[in-house]
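Structure assessment
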Amino acid sequence: MHQEFGHPKIVVLTGAGISKESGIDTFRDADGLWSRVNLEEVATIEAWHRDPAKVLDFHNAGRAFFAGRNITPNAAHRALARLEHEWPAEVLVVTQNIDLLHEGGGSKNVLHMHGQAGKLRCMACETIADSDAELSVTTACAACGVVGQTRPHVVWFGEMPLHMDAIMAALDSCGLFISIGTSGAVYPAAGFVQHVRRKRRAHTVELNMERSDGYQTFHDGIYGPATEVVPAFVDDLLRGRTSHA
Ligand code: BJW
């Protein structure tokens, strides 16, 4: 059993909805990013090969957005940090978000499966560098000097998400899977709930503003703004007032 005195290991999958109340737009809501830009043109590996300047313009605009606002962790991020610190067994946050609000909220055990803001990667030498620099097709890699191959350290459609071995190992040993603020539209993250149910009968709960695409796969669903439902759910878990089996 992957439990510590009756407390299962927990994997929390988060998506853009958890950061919405911190001022960051989601992707697929009516006012989301994909209502304003064509994802095929800015967030696919094909787009990078076809028109890197356009992809980098999108990245630079996002970078300017973050820089111009005071974006801070909200009560949902802080509640997950509290869960990690007070739960007797391991709590891992697997986030699809590139923002660093989980870390800012105090979580230590976080994997960014779709990459991370503030990092760049060279397609020529694979060096990952901490940098928030604006990028253009004439940018040279600081490590290998190759021009035009430095890109944001994010995962586009058609690319393999990061940390998949560690994520699958955590899913295979968790007894409670919690999904927060994600539409369930993007794989492989959208398939994690089926995986944990099939593989080891973990209890599964979704917390979201509305039912996600795969809501019927979860045992339980709690709906409302993340800043309200996540702290209340964490409180209930820590006080033993909610079932995790
Ligand atoms: C609130 C709230 C509040 C609002 N409180 N909640 C055909 C079938 C199946 C799969 C495929 C297929 N063709 C291709 C694929 C694979 C493809 C895919 O899934 N496509 C689908 C669109 C069909 N996936 C990939 O290509 C991935 N790679 C891959 O699969 O590799 C192969 C592989 C195989 C086997 C194992 C492993 C790998 C890569 C996906 C890369 C995604 N990249 C992006 C962009 C990052 C770049 C950037 O940011 O610049 O990542 S896309 C975008 O979507 C971003 C997000 O992380 C991701 C998920 O979005 P998320 O977080 O769910 O946001 P939303 O907006 O969709 O939902 C927000 C939710 O919050 C909503 O439900 C709201 O209601 C809620 N909400 N306010 C609580 N206050």
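Each remark here, short or long, concerns the structure printed above.
Summarised in this report is the structure supplied together with it. (Residues numbered from 1 in each chain as written. Predicted model: local features only at pLDDT ≥ 70, side-chain atom pairs only at ≥ 80, totals over all residues. Heavy atoms only, no water.)

Let's shift gears to the packing of aromatic side chains. The geometry of two aromatic rings is summed up by the distance between their centres and the angle between their planes. Enumeration over the complete set of coordinates arrives at five aromatic pairs. Where F27 meets W34, the ring centres are 5.1 Å apart and the plane angle is 45 degrees; that geometry is what we call tilted. Overall, the relative accessible area of 31% leaves F27 in the partly exposed class. Overall, the relative accessible area of 18% leaves W34 in the buried class. Chaining the aromatic ring pairs together yields one cluster made of F27, W34 and F58. (Phe/Tyr/Trp six-rings, centres within 6.5 Å; stacked < 30°, edge-to-face > 60°. Buried < 20%, exposed > 50% of the residue type's maximum accessible area, 1.4 Å probe, protein only.)

Attention now moves to the site of the ligand. R28, E159, T182, S183 and Y187 are the nearest of the 34 residues found near the ligand. Here an oxygen atom of the ligand sits 2.5 Å away from a polar atom, N or O, in the side chain of S183. Between the ligand and A226, the relevant distance is 2.9 Å, taken from a nitrogen atom to a main-chain nitrogen or oxygen of the residue. Looking at the shell around the ligand residue by residue, the classes come out as 17 nonpolar, eleven polar and six charged. When we break the shell around the ligand down by domain, the ones giving at least three residues each are domain 1 (10–24 + 74–114 + 161–238) and domain 2 (33–70 + 119–154). (Near = heavy atom within 4 Å. Polar contact = N/O pair within 3.5 Å; in protein donor to acceptor, adjacent residues only side chain to side chain. Nonpolar A, V, L, I, M, F, W, Y, C, P; charged D, E, K, R; others polar. Domains from an automatic or database assignment.)

Formed by 23 residues in total, the largest nonpolar core has its most connected members in I10, V12, I178, I180, L207, V230 and L237. Those elements giving two or more residues to this core turn out to be β3 (10–14), α5 (75–86), β4 (91–95), β9 (176–180), β10 (203–208) and α9 (226–238). Considering each element in turn, this core owes the most residues, six residues, to α9. Sequence-distant contacts of L237, defined by excluding residues within four places in its chain, comprise I10, L83, W87, L176, I178, T242 and H244. Counting residues in each nonpolar core, the second largest holds 18 residues, with I167, A170, F192 and V196 among its members. (Core = buried A, V, L, I, M, F, W, Y, C linked by side-chain atoms within 4.5 Å. Helix = DSSP H or I, 4+ residues; strand = E, 2+ residues; numbered from the N terminus. Contact = heavy atoms within 4.5 Å.)

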